[in-house]
There are 2 protein chains.
Amino acid sequence: MDDTPANKKTIIMPPPRRSRRKSGGITLRDVAALAGVAPITASRALNTPSAVSEPILQRVRQAVEQTGYVPNMLAGGLASSKSRLVAAVVPTISGNVFLEVVQSLTASLAAYGYQLMLGQSGYENSREDELLEAIIGRRPDGVVLTGIMHSATGRQRLLASGIPVVETWDLTDNPIDMLIGFSHEEVGQAVARYLHGRGKRRVATLGADDQRARRRMQAFSDTAIALGMAHPGETAVAGQRVPAPTNVGLGRAGLRELLARHPDIDALFCSSDTVALGVLTEAQAQGVQVPRQLAVVGMGDLGFARDLYPALTTVRIDGARIGATAARFIVERSQGSRMREGVVDIGFSIVEREST
Amino acid sequence: MDDTPANKKTIIMPPPRRSRRKSGGITLRDVAALAGVAPITASRALNTPSAVSEPILQRVRQAVEQTGYVPNMLAGGLASSKSRLVAAVVPTISGNVFLEVVQSLTASLAAYGYQLMLGQSGYENSREDELLEAIIGRRPDGVVLTGIMHSATGRQRLLASGIPVVETWDLTDNPIDMLIGFSHEEVGQAVARYLHGRGKRRVATLGADDQRARRRMQAFSDTAIALGMAHPGETAVAGQRVPAPTNVGLGRAGLRELLARHPDIDALFCSSDTVALGVLTEAQAQGVQVPRQLAVVGMGDLGFARDLYPALTTVRIDGARIGATAARFIVERSQGSRMREGVVDIGFSIVEREST
DNA sequence: GTGAAAGCGCTAACAT
DNA sequence: ATGTTAGCGCTTTCAC
C-alpha cells in the first residue's frame, strides 16, 4: 500500500519530527498520509462524512483508529472561528442555587458536542470584568450569564465581541442579546399574596444581601403592606439580611435575631431553600411549631426541599429548563440561525408543602 | 506618526479587511501597527513586559486600550502549546460532594490566569471515554479527575496525550501521573473504631451504590465485625444501598427500610452528609432519638453539617485543599517544573458533633 | 468528490 | 531590545 519498509503491523505512527516546533503529536496530516489522501479530505471525512466517498471514509477512519488521532480543537477553532466552547458565569457554585442550571447546561451542551467553561464572578462583581476578558479571549461560541450584566464596560465588551450572550435568572427590557429568566418582583408579590391567603398577618423576610434577593424581599414587603400584613403601626415589614451566599448557619442565626426582635411573626419568606433549612432547624431547636406558629417559605425548590420535615413550601424555578434552553439558543445561533427570538420568561410556581 | 490621512482621534481602528477570511476582530497586528512596532514586540509587551522598553510598553498598552483588543487565546495556545485551560471531570456536580473541589479549583486556577473546563461523567463511566476525547481535543494544560481512572483505554489516551493528570479523591499504587486523595478503607475503619469507642455495638451502613462508597462501607463492616459490632449470630453488618448520587429523600427512605429490617441498630454510617440529613430528618419524623437511640455519622462535612439539629458528626475531607493543590501541581508542571513529586495523601478527620 | 493554496492570530527560533 | 521568518494544525476558498 505504501513503500516504506516497516509497514507490517504498525499500530502507532511514529511522527517523523521535521521541525523543532512540532509538538510531537499525531496530526490530521499524519492521518491523511496514512489513508493516502490530502489533509483536507481527511478533514471532510471527519467533519462532513457525507461529502466523502465510502471507500475513502473507511480508510480515514481506520487511520484515525490506528494512530489514536484526536483532532486539535484549538487549531480547528482558529481556522473556522467556531470553538464549540460555551462559557458560563455564576456568582458562586456553592450555594446550590445555580447548580441545576450548570448541571443541565453542561449536559445539554455535551449532547450537542460543546463543552462548558465555568467562571465564578462572586457576588461583588469585582472580578467580573477580568473574568469577561478571559472568557472573550477564548472566543467561545456563547456566554451564559447569571443575572443581568449591569456593568457598562462589561456590556460593551460583550457586545463588541459579537459573541452570542444569554442572560438568565432575571428579566430586563434591555437585554444584551438573549434572555431566559423570571421576575423577582412577581415572586415576592406572589408569595405575599399566597401567605395572605393562608391567613398570615405578621410576615417577615430573611434574605441574602444580594441584588435579586433584595428585590424579591422588597416586592414581598410592598405587597404585604398593601395587604395589611405588616406589623400594626409600622411602615415596613420585619426583615433580616444575611451576607450572600447563604448557608444553613446564617438561616439559624437569622431566625434567632428575628424572633428576638419580633417574637410575634407568623410567616417568613426566605431568600433561599438553604436559609429555609436553617430556619426549620432553628425552629425545631427552639420548639417553634412549623407551620402552626410560623409558616416558612423557601426559594429555589432545591432537591432537599420536598424531603424536609416538615416538607418545605418554596418557589420553584426550573433551572434545568433554563440550562437546556440556553444551550439550545446558543447552539442554534452558532450554527447559523440568525437572530432568533431569544427572550423567554420561564416564570415560577409556588410549590405548596407542609411548612405553610 | 503614520501617513494615513484620518488619524486625528480614532478611537476604534476600523480593521481594513483585506482578505475574506478575516474574522473582523482586532488582532495583535492592528495593535502593533497602531503602536508602530512589530507584532512580536506587541506580543512581548503583553506577555513578558520586562523584555520590552518602557516607552514601547506605554505605546502598546495605549493601543490596546484604544482598540479594546482582547488576545485570541486559541491562536496563542496553538502557537505556544499552552492553552491555560484545565479540564475537570466529576461524576456529577449535583450531590454537593465535589462542589468544594470544583469551587476551589476554579478560584485557584483563575488566580494563576487559567480557566476551568467542566465535564460530568456520570457514575456509570459510560460517557467517560467520549468526554475524555473532547477534553484531549482542547489540549488543556492539565486534567483533574475525580477518582482513579479505571478504564484502560482512558488511561492509555491520557498517557498518550502527554497532558498532566491529577487523580483525586482516592489513592492507588499505580496513578496515571499525580494523585491527591485519601484512603476510603481507612475512613471506614476509623469510623467503625470511633463508634466502637462510643459504646455502639449494633452498627449499620446506609450508602450510595458507587465504587468508593462501597469500599468505605466494606471496610467499615469488616472492622465492625472484627470488633464484635455486628448483630449477634450474623456474619455481616446490616446495610442499605441507594443509587448514586444520593439525596435527602433516599436517606429518609433508606432509614425507613433499615429500621423495618433491623429495628435494634444503634449507630449508622452514611455514605454522604446528604444521606445523613435524610436520616436525621426521618429520625425526627419517626421520633427516633439521635444520638440516644441511634448515632449517625455522615461523610464529607458539607457546609450544613455543623448547623443541623443535632449537629452532624461526619468525616471531613478538605476539598478546598484538594482543589488548590491540584491547581498548583498543574500550573507548576505546565510552567516547567519537570515531574515534581505529585502524590499526596491528604487524609481525613472525624469531626465529632452531637449526632453521636 | 477531491485537492492545492492560503490563511486563521499568534509565538518560537533565530537574527540583528 | 526589537525584528524577520516560519510555522502551530486546521479549514476556507477556489479549482478541477
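Basis of the calculations
- Residues numbered from 1 in each chain as written.
- Chains lettered and ligands numbered in written order.
- Predicted model: local features only at pLDDT ≥ 70, side-chain atom pairs only at ≥ 80, totals over all residues.
- Heavy atoms only, no water.
- Helix = DSSP H or I, 4+ residues; strand = E, 2+ residues; numbered from the N terminus.
- Rg over C-alpha atoms; globule rule 2.2 N^0.38 Å.
- Buried < 20%, exposed > 50% of the residue type's maximum accessible area, 1.4 Å probe, protein only.
- Contact = heavy atoms within 4.5 Å.
- Areas by Shrake-Rupley, 256 points an atom, 1.4 Å probe, with all protein chains shown as cover.
- Lys, Arg positive; Asp, Glu negative; His and termini not counted.
- Charge placed at Lys NZ, Arg CZ, Asp CG, Glu CD.
- Buried area = accessible area lost by both parts, 1.4 Å probe.
- Polar contact = N/O pair within 3.5 Å; in protein donor to acceptor, adjacent residues only side chain to side chain.
- Nonpolar A, V, L, I, M, F, W, Y, C, P; charged D, E, K, R; others polar.
- Pairing = 2+ DSSP bridges.
- Near = heavy atom within 4 Å.
- Domains from an automatic or database assignment.
- Salt bridge = Lys/Arg side-chain N within 4 Å of Asp/Glu carboxyl O.
- Least-squares fit on C-alpha atoms with pLDDT ≥ 70 in both.
- UniProt positions renumbered as here; feature names shortened; annotations may be inferred.
- Phe/Tyr/Trp six-rings, centres within 6.5 Å; stacked < 30°, edge-to-face > 60°.
- Axes fitted to C-alpha atoms, helices over the stretch in contact; angles between N-to-C directions.

(A) Local environment of the overall build of chain A. Counting its regular elements, chain A contains 12 helices and 12 strands. The C-alpha atoms of chain A give a radius of gyration of 27 Å, which is well past the 21 Å a tight globule of 356 residues would have. Burial analysis of chain A (356 residues in total) assigns 52% to the buried set. If you take every contact in chain A between residues at least 6 apart in sequence, the share linking residues at least 24 apart comes to 68%. When the accessible surface of chain A is split by element, carbon and sulfur atoms take 51% of a total near 15700 Å². Averaging the coordinates of the 40 positive side-chain charges in chain A and doing the same for the 35 negative ones gives two points 8 Å apart.

(B) Broad picture of the interface of chain B and chain A. Residue-level contacts link 50 residues of chain B with 49 residues of chain A. A buried area of about 4600 Å², summed over both sides, lies between chain B and chain A, and 58% of it is on carbon and sulfur atoms. Summed over the shared surface of chain B and chain A, the result is 25 residue pairs in polar contact (both at pLDDT 80 or more). For the side of chain B that touches chain A, the class distribution of residues is 24 nonpolar, 17 polar and 9 charged. In the sheet, strand β2 (residues 115-120) of chain A pairs with strand β2 (residues 115-120) of chain B via 3 bridges, with the strands oriented antiparallel. For M117 of chain A, the partnering residue across the bridge sits in β2 of chain B and is M117 of chain B.

(C) Inspection of the environment of D266 of chain A at higher detail. Residue and element names in this part refer to chain A. Tracing the backbone shows D266 in the loop between α10 (248-261) and β8 (267-270). Note: C-alpha distance between D266 and D141 (125 residues apart in sequence) is 49 Å. Once residues within four sequence positions are removed from consideration, D266 is found in contact with G199, K200, R201, R202, V203, Q293, L294 and A295. Only 2.9 Å separates the side chain of D266 from the backbone nitrogen of R201, close enough to count as a polar contact.

(D) Representation of the protein's contact with DNA strand D within the structure. In the vicinity of DNA strand D there are 29 residues, among which S23, L28, S43 and Y69 of chain A together with T41 of chain B approach most closely. Take the atoms of DNA strand D that sit within 4 Å of the protein: sugar and phosphate atoms are 63% of them. A distance of 3.0 Å separates a phosphate oxygen of DNA strand D from a polar backbone atom of A38 of chain B. Here a phosphate oxygen of DNA strand D and a backbone polar atom of S53 of chain B are 2.7 Å apart. Mapped by element, the contributors of at least two residues to the surface near DNA strand D are α2 (39-47) and α4 (73-80) of chain A together with α2 (39-47) and α4 (73-80) of chain B. When the residues that make up the surface near DNA strand D are grouped by side-chain class, the tally is 14 nonpolar, 9 polar and 6 charged.

(E) Structural view of the domain arrangement of chain A. Residue and element names in this part refer to chain A. For chain A, the domain assignment lists domain 1 (1-71), domain 2 (81-182 + 320-347) and domain 3 (184-316). Of note, the centres of domain 2 and domain 3, computed from C-alpha atoms alone, are 30 Å apart. Opposite the 15 residues of domain 2 that make contact, domain 3 presents 12 residues. Taken together, both faces of the contact between domain 2 and domain 3 bury some 1000 Å²; the carbon and sulfur share is 54%. Among the residues domain 2 hides against domain 3, the three largest losses belong to Y123, D170 and F182. Together they make up 42% of the total. Of the charged contacts in the structure, one is a salt bridge between R316 and E100, with a shortest N-O distance of 3.9 Å. Linking domain 2 with domain 3 are 3 residue pairs in polar contact (both at pLDDT 80 or more), by the criterion used here. Looking at the side of domain 2 that touches domain 3 residue by residue, the class counts come to 6 nonpolar, 7 polar and 2 charged.

(F) Representation of the relation of the copies chain B and chain A within the structure. Of the transformation superimposing chain B on chain A, the axial component is 0.0 Å and the angular component is 180°, with the fit at an RMSD of 0.1 Å. Here the two chains are linked by the operation of a two-fold rotation axis. Taking the C-alpha atom as reference, chain B places M117 of chain B closest to the rotation axis, 2.2 Å from it. A shared interface surface links the copies, since 98% of the contact residues of chain B are contact residues in chain A too.

(G) Region of the structure containing the protein's contact with DNA strand C. T41 of chain A together with S23, L28, S43 and Y69 of chain B are the nearest of the 30 residues found near DNA strand C. What you see for DNA strand C is that sugar and phosphate hold 68% of its atoms within 4 Å of the protein. A79 of chain A places a polar main-chain atom, nitrogen or oxygen, 3.4 Å from a base oxygen of DNA strand C. Interatomic distance of 2.4 Å between a backbone N/O atom of L28 of chain B and a phosphate oxygen of DNA strand C. Partitioned by chemical class, the residues of the surface near DNA strand C number 14 nonpolar, 10 polar and 6 charged.

(H) Inspection of the UniProt feature "domain: HTH lacI-type" (unreviewed entry) in chain A at higher detail. Here, UniProt's "domain: HTH lacI-type" (unreviewed entry) annotation points to residues 26-80 of chain A. Taken as a whole, residues 26-80 of chain A contains 71% helix and 0% strand, while its terminal C-alpha atoms sit 20 Å from one another.

(I) Region of the structure containing the packing of aromatic side chains. All names here are of chain A. Evaluated as defined, the whole model comprises 6 aromatic pairs over all chains. With centroids separated by 5.1 Å and ring planes inclined at 40°, the aromatic side chains of F220 and F269 adopt a geometry described as tilted. A residue pair is termed long-range when its members are at least 10 positions apart, and F220 in helix α9 (residues 211-226) and F269 in strand β8 qualify at 49 residues. Among the aromatic residues, ring-to-ring pairing joins F98, W169 and F182 into one connected group.

(J) Structural detail: the sheet that holds β8 of chain A. Residue and element names in this part refer to chain A. The strand order across the open sheet formed by 4 strands is β7-β6-β8-β9, and the pairing between neighbours is parallel. Both edges of this open sheet fall to β7 (238-242) and β9 (295-297), since each of them pairs with a single strand only. The average undirected angle you get between the axes of adjacent strands in this sheet is 15°. As judged from the 3 bridges shared by β8 and β9, these two strands associate in the parallel manner. By the bridge assignment, F269 is partnered in β9 with V297. Strand contacts of α10: β6 (203-208), β7 and β8, with the helix running at about 150° to β7, the strand carrying the most contacts.

(K) Highlighting the side chain of T92 of chain A. Examined against the element boundaries, T92 of chain A turns out to sit in the loop between β1 (85-90) and α5 (99-112). Assessed through its relative accessible area of 8%, T92 of chain A is described here as buried. One polar contact links T92 of chain A to S94 of chain A, side chain to side chain, over a distance of 3.1 Å. Ignoring sequence-local partners within four residues, the contact set of T92 of chain A consists of F98, Q120, Y123 and P245 of chain A together with Q103 of chain B.

(L) Spotlight on the side chain of D141 of chain A. Residues and elements named next belong to chain A. Secondary-structure assignment places D141 in the loop between α6 (128-137) and β3 (142-146). In this structure, D141 is buried with no salt-bridge partner, the nearest side chain bearing the opposite charge being R84 at 6.1 Å. Polar side-chain contacts of D141 include one of 2.7 Å to the backbone nitrogen of R84. The residues touching D141, leaving out its near neighbours within four places in the chain, are S81, K82, S83, R84, L85, Y114, I163, P164, I330 and S334.

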